[in-house]
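Chain by chain, the residues run as shown.
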Amino acid sequence: MSKIDDFIRMKTLPNICISRIDFVKDRKFDYLGNEKIRRNNHRLLRESIVFKLFYKVFVKNNFCQKKLVPITVILITINALLGVVPERYSFSFVLPVLAQADQDIFAAGLEKLKQGDYEKAIADFTEAIRLNPDNAEIYFNRAITYNTVGNPEKAIADLDRVILAHPDQANAYFNRGNSYGTLGNFPKALENYNQAIILDANNPLVYLNRGVIYWVLEDYQKAIADYDQAIVLDPRYALAYNNRGLIYQKLADFPQAIKNFNQAIRFNNNNSFFYINRGDTYTFLEDFQRAIIDYNQAIILDPKNVDAYTNRGGAYLQLGIFQKAVKDYTQAIVLEPKNALAYSNRGIAYRELGNFIMAIKDHNQGIYFDPNDDNFFLQRGITYKFLKNYSAAIKDYSQAIKLNPHNAEAYVNRGTLYQALNNRKKAIADLQRALDLYEKQEKLEEVQQIKKRFSILKHSQP
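What comes next concerns the included structure.

Criteria and cut-off values
- Residues numbered from 1 in each chain as written.
- Predicted model: local features only at pLDDT ≥ 70, side-chain atom pairs only at ≥ 80, totals over all residues.
- Heavy atoms only, no water.
- Helix = DSSP H or I, 4+ residues; strand = E, 2+ residues; numbered from the N terminus.
- Contact = heavy atoms within 4.5 Å.
- Phe/Tyr/Trp six-rings, centres within 6.5 Å; stacked < 30°, edge-to-face > 60°.
- Buried < 20%, exposed > 50% of the residue type's maximum accessible area, 1.4 Å probe, protein only.
- Lys NZ or Arg CZ within 6 Å of the ring centre and 35° of its normal.
- Core = buried A, V, L, I, M, F, W, Y, C linked by side-chain atoms within 4.5 Å.
- Axes fitted to C-alpha atoms, helices over the stretch in contact; angles between N-to-C directions.
- Parallel < 35°, antiparallel > 145°, perpendicular 65-115°, else oblique.
- Left-handed = near helix turned anticlockwise from the far one by under 90°.
- Nonpolar A, V, L, I, M, F, W, Y, C, P; charged D, E, K, R; others polar.
- Expected span 1.5 Å × (residues − 1).
- Polar contact = N/O pair within 3.5 Å; in protein donor to acceptor, adjacent residues only side chain to side chain.
- Salt bridge = Lys/Arg side-chain N within 4 Å of Asp/Glu carboxyl O.

What to know about the environment of Tyr214
With respect to the secondary-structure elements, Tyr214 resides in helix H10 (residues 204-216). Among all residues touching Tyr214, those that are not within four sequence positions of it are Leu190, Asp219, Lys222, Ala223 and Asp226.

In structure tokens form, the structure reads like this:
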């Protein structure tokens, strides 16, 4: 047995290879495709545009240092469909009377918008505008359609014309706020939402979306206040409960987060993301069995939900049910062939099953699809360590540190290898850096482990 093997088996320091399991993909904005919107066109008025924003959150527990958690951010567009939208969400000003032929073109555009045929709807609205260049409602509906197809710049241009002609229309400001929010111009988004609230303080949708902007700006108390007000105006508003729950999740107030997700599910038990978000909260609490139950329900509601499979795989991985983890990550990869996280985490599962060849293949694929994730290099380095390819392991740990100088696990693992290879100077430097990081993160168990390593170094022969 080699000296390194002896060191790895030391009972006083059981966690030589410290790793973390990330949950969900790391990406900024992910728009749901038009196909899903078309499948739900009968609910278009209620749900409209939905996008997800992913953020990194640090929690003070020993489960993992960093997780990537999905936030379902709702930017709802009010579609002024004649005879369908509630009166207070429609235009209230007097519009020019359209000739019958012009009415037919406009009505055709509205029907195509309702059916999800957005390009043809835009064409009809554009023709109607050519015939009636001063009709604000046509511009408004074309703006809605532009927002729906992801063209916020053109939506803003149309809404500018609406607001110029009718500055008292709250929903024009609301939708322009949505457009600016989509573009990432958050000050302008807030400006428009504020004006919409001045003109109509009883619309819960505006508070919901302004809360999203405060959320992105990390002004969490203002975000909570807006979700509170949205719920006051609509006590059954599932989306407001969901988003408020995610703020509490971000703030590590997990009981409050679960309470809010429970309410969201109570008022809408058909939204898969509500179950995923509650499952993620149970994951933070290390209640993996309950997390799996929620991920199961999310998959029942949406069998193609990649995040549900990815996160359920993570829960199985934490429970040591590696075969099921492999199965879930494989399904996630089937649904999304470039899912770097699923490859990396499946590599972890294969490693735990002793299949190091498949583990390395998956780590390589994860790094190929996302070469900027420090944890992917950390995981491959751990696998190389098990293969006793120590130089490759150290190289991967070093790359992880280069990508993220705050990756304490990478310092621990590299320092451990240096210690086992009798490179005391480098071992001490890495372990000291890890100790500093863990102390800042208030990870007391890891701090004690590092101090034990220092004790061993102190009493070992130089």
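Observations regarding the packing of aromatic side chains
For the structure on display, the rule yields eight aromatic pairs. Note on Phe174 and Tyr193: the rings are 6.0 Å apart at their centroids and 45° apart in plane angle, and the pair reads as tilted. Residue Phe174 is found in helix H8 (residues 170-183), and its partner Tyr193 is found in helix H9 (residues 186-199); the two are separated by 19 residues along the sequence. Grouping residues by exposure puts Phe174 and Tyr193 together as buried. Here the basic side chain of Lys385 rests over the ring of Phe386, its NZ or CZ set 3.5 Å away from the ring centre.

Looking at the nonpolar core
Generally speaking, nonpolar side chains in soluble globular proteins are found buried as a group. One finds Phe125, Trp215, Tyr227, Tyr237, Ile247 and Leu317 to be the most contacted residues of the largest nonpolar core, which totals 88 residues. Ranked by residue count, the leading element in this core is H10, at eight residues. Counting 32 residues, the second largest nonpolar core, distinct from the first, contains Leu341, Phe377, Ile382 and Tyr418.

A closer look at the packing of H9 against H10
Running from N to C, H9 and H10 cross one another at 155°; their axes reach a closest spacing of 10 Å. Between H9 and H10, the angle is such that the two are roughly antiparallel. Where H9 crosses over H10, the handedness of that crossing is left-handed. Seen from H9, the contacting residues are Phe186, Ala189, Leu190, Tyr193, Asn194, Ala196 and Ile197; seen from H10, they are Val206, Tyr207, Asn209, Arg210, Ile213, Tyr214 and Val216. Residues of the contact of H9 with H10, tallied by class, amount to 11 nonpolar, two polar and one charged.

Describing H10
Taking 1.5 Å of rise per residue, the 13 residues of H10 would be expected to cover 18 Å, and the 19 Å separating its terminal C-alpha atoms lies within 8% of that figure. Among the residues of H10, Pro204, Leu205, Val206, Tyr207, Leu208, Asn209, Arg210, Gly211, Val212, Ile213, Tyr214 and Trp215 are the ones counted as buried. Regarding H10, its N-cap is Asn203, as a side-chain oxygen of that residue lies 3.0 Å from the backbone nitrogen of Leu205 further along. Once H10 finishes, Glu218 follows within two positions and takes phi at roughly 65°, a positive value.

Looking at the environment of Ala427
Tracing the chain through its elements places Ala427 in helix H23 (residues 424-440). In this structure Ala427 comes out as buried when scored by relative accessible area, which is 0%. Between the C-alpha atoms of Ala427 and Gly415, which are 12 residues apart in sequence, the distance is 4.2 Å. If near-sequence neighbours (up to four positions away) are discounted, Ala427 is found in contact with Gly415, Tyr418, Gln419 and Leu457.

Considering the pattern of salt bridges
Taken as a whole, this structure holds 15 salt bridges when the rule is applied. For the salt bridge of Asp294 with Arg278, the shortest nitrogen-to-oxygen distance reads 2.8 Å. Here Asp294 is found in helix H15 (residues 288-301), whereas its partner Arg278 is found in helix H14 (residues 272-284), with 16 residues between them in sequence. Arg278 shares its class with Asp294; the two are buried. The partner of Asp430 in a salt bridge is Arg414, with the nearest N and O atoms 2.6 Å apart. Linking Asp430 in helix H23 with Arg414 in helix H22 (residues 408-420), this pair joins segments that are 16 residues apart in sequence.

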